[in-house]
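# Overview (structure and organization)
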Amino acid sequence: MIQVVRIEDAVGHPLAHDVTEIRPGEFKGPAFHRGHILSCRDLDHLRRLGKEHLYILKPEGDEVHEDDAAKAIAGALCGEGVGWHDAPREGKILLRATRDGMLKVDVTVLNRFNAIGEVMCATRHTHTLVKRGEEVAATRAIPLLISRKTLEAAVSEARSTDAGVLQVLPLKRAEVGVMITGSEVFYGRIEDKFQPIIRKKVTDLGGHVIDVVFLPDDDALIAEAALKFVERGADIIVTTGGMSVDPDDRTRFALAQAGAVDMVYGSAVLPGAMFMITYLKGIPVLGIPACGIFATTTVFDLIYPRVLTGEKITRREIAELGHGGLCLNCRKCVYPMCPFGK
């Protein structure tokens, strides 16, 4: 139960919640913390904050204070790689990455959790790359006192997924084989521009390029090269060129000849509509279309980190990228601090 009293009548009582102070451009935070025993000298400060009344808290058996509720739901939301250690501030708890990796949010469960009412959790976008210690979400109970029944429902919903609503998945330090296909490059008619781009994208995420091979548009040679990379222990194969509808572009057909399965050709992303992903003896093979030479960020940058977490990419995952999958080709690319892929 909450009783409203004038601030003068609250002297000598503990504050039921943090009292927030905002000084534009300077400070936003608690001027007084929950549990602070109010004294006469605090009254002028409270009046400057616009406070004429305060709550005196007398919780009943079926009510839980916002701070205790926040701790309960924070613990229920966190999966591997996400945690918290600070006490609630103004009833809110910040959830942070406990390791480097990719944030994975179970959006379906998160939506059901937030639909319960009187509780909330705001997160960063799923599939965001994060560093240890970075904020990934924040949660709180909204009223000062929440019913135990509502809290139990929220905790139960958050725990309805075994992995946790929030996870940070580590990225594999991949050994990557690169195949650059196209007779025009193989025979020296044009200069290859792909190799430095792919090397940088691989090394930026902690990987190592074990070799780069150049191949003509020949099914047998492309298939043989891919199988050799598998034999050499490649974790991932990246292939460039040969992704268009031209009759000379043979890469995806050659990979099928080599035994690749679960091939997805085409994506709901621009740039990158002719992207391909398939699996050769369990090894992911990613095919980058020609747009990868000209565009700073493509569908490859959305999918490659997910592959590094061990996620199996199917047509469904590719299709879901359509919402937010239009790059605006900004004069200066600021990805990932933009809507692309979100």
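Details of the structure are given in the entry above.
What this report covers is the structure whose coordinates are included nearby. Remember, it's a predicted structure, so these values are computed and weren't measured experimentally.

Rules and cut-offs
- Residues numbered from 1 in each chain as written.
- Predicted model: local features only at pLDDT ≥ 70, side-chain atom pairs only at ≥ 80, totals over all residues.
- Heavy atoms only, no water.
- Salt bridge = Lys/Arg side-chain N within 4 Å of Asp/Glu carboxyl O.
- Helix = DSSP H or I, 4+ residues; strand = E, 2+ residues; numbered from the N terminus.
- Buried < 20%, exposed > 50% of the residue type's maximum accessible area, 1.4 Å probe, protein only.
- Pairing = 2+ DSSP bridges.
- Contact = heavy atoms within 4.5 Å.
- Axes fitted to C-alpha atoms, helices over the stretch in contact; angles between N-to-C directions.
- Arc of directions from axis to C-beta.
- Parallel < 35°, antiparallel > 145°, perpendicular 65-115°, else oblique.
- Nonpolar A, V, L, I, M, F, W, Y, C, P; charged D, E, K, R; others polar.
- Polar contact = N/O pair within 3.5 Å; in protein donor to acceptor, adjacent residues only side chain to side chain.

What follows deals with the pattern of salt bridges. Using the criterion set out here, one finds 21 salt bridges in the structure. The closest approach of N and O atoms between K104 and E311, which form a salt bridge, is 3.5 Å. Of this pair, K104 sits in strand β8 (residues 101-105) while E311 is found in the loop between α10 (299-308) and α11 (315-319), placing the two residues 207 residues apart along the sequence. Of the charged contacts, one joins K193 and E191 as a salt bridge, the two residues approaching to 3.5 Å between their closest N and O atoms. Owing to a relative accessible area of 45%, K193 belongs among the partly exposed residues under this scheme. What makes E191 exposed here is its relative accessible area of 60%.

Spatial strand order, β6-β7-β11-β9: 4 strands in an open sheet with antiparallel pairing. In this open sheet, the two edge strands, each paired with only one partner strand, are β6 (82-83) and β9 (119-123). In this structure, strand β7 (residues 92-97) lies alongside strand β11 (residues 135-141), joined through 5 bridges in antiparallel fashion. When the bridges of β11 are listed, K92 appears paired with R140. Helix α2 (residues 66-77) contacts β7, β9 and β11 of the sheet and is inclined by roughly 140 degrees relative to β11.

We now examine the sheet that holds strand β13 (residues 166-169). The 3 strands are arranged β10-β8-β13 in an open sheet whose pairing can be described as antiparallel. Every interior strand has two partners, whereas the edge strands, β10 (129-130) and β13, have only one. In this sheet, β10 lies alongside β8 in antiparallel orientation, the contact comprising 2 bridges. By the bridge assignment for β10, M102 is matched with L129.

Here we take up helix α6 (residues 194-204). All of the buried residues in α6 are F194, I198, K201 and V202. Along the axis of α6, the buried residues cluster in a sector spanning 100 degrees; they form a single face. With respect to the buried face of α6, the exposed residues turned more than 90 degrees away are P196, K200 and D204. Where α6 is buried, its residues contact β14 (175-181), β15 (208-215), β16 (236-240), β19 (283-288), α9 (291-294) and α10. After α6 finishes, the residue G206 shows a positive phi value of roughly 85 degrees.

Next up on the list: the packing of helix α3 (residues 107-115) against helix α4 (residues 148-158). Two numbers describe how α3 lies on α4: the axes approach to 9 Å, and their chain directions differ by 175 degrees. Overall, the two elements α3 and α4 adopt an arrangement that is roughly antiparallel. Judged by residue contacts, V109, R112 and F113 of α3 engage A154, E157 and A158 from α4. Across the contact of α3 with α4, the residue classes tally to 4 nonpolar, no polar and 2 charged.

Let us look at the side chain of T139. Here T139 is to be found in strand β11. Of the polar contacts made by the side chain of T139, one reaches the backbone oxygen of M120; its length is 2.7 Å. Residues in contact with T139, not counting those within four places in the same chain, are A70, I73, A74, L77, G91, K92, I93, F113, M120 and C121.

Regular strands show a simple pattern: their side chains alternate between the two faces of the sheet. Burial analysis of strand β18 (residues 276-280) places 5 of its 5 residues in the buried class, the great majority of the element. The side-chain alternation of β18 yields two buried faces, one formed by M276, T278 and L280 and the other by I277 and Y279. Alignment of strand β17 (residues 261-265) against β18, held across 3 bridges, turns out to be antiparallel. Counterpart to Y265 in the pairing with β18 is M276. The pairing of β18 with β19 spans 5 bridges and is antiparallel. Bridging across to β19, T278 finds its partner in V285.

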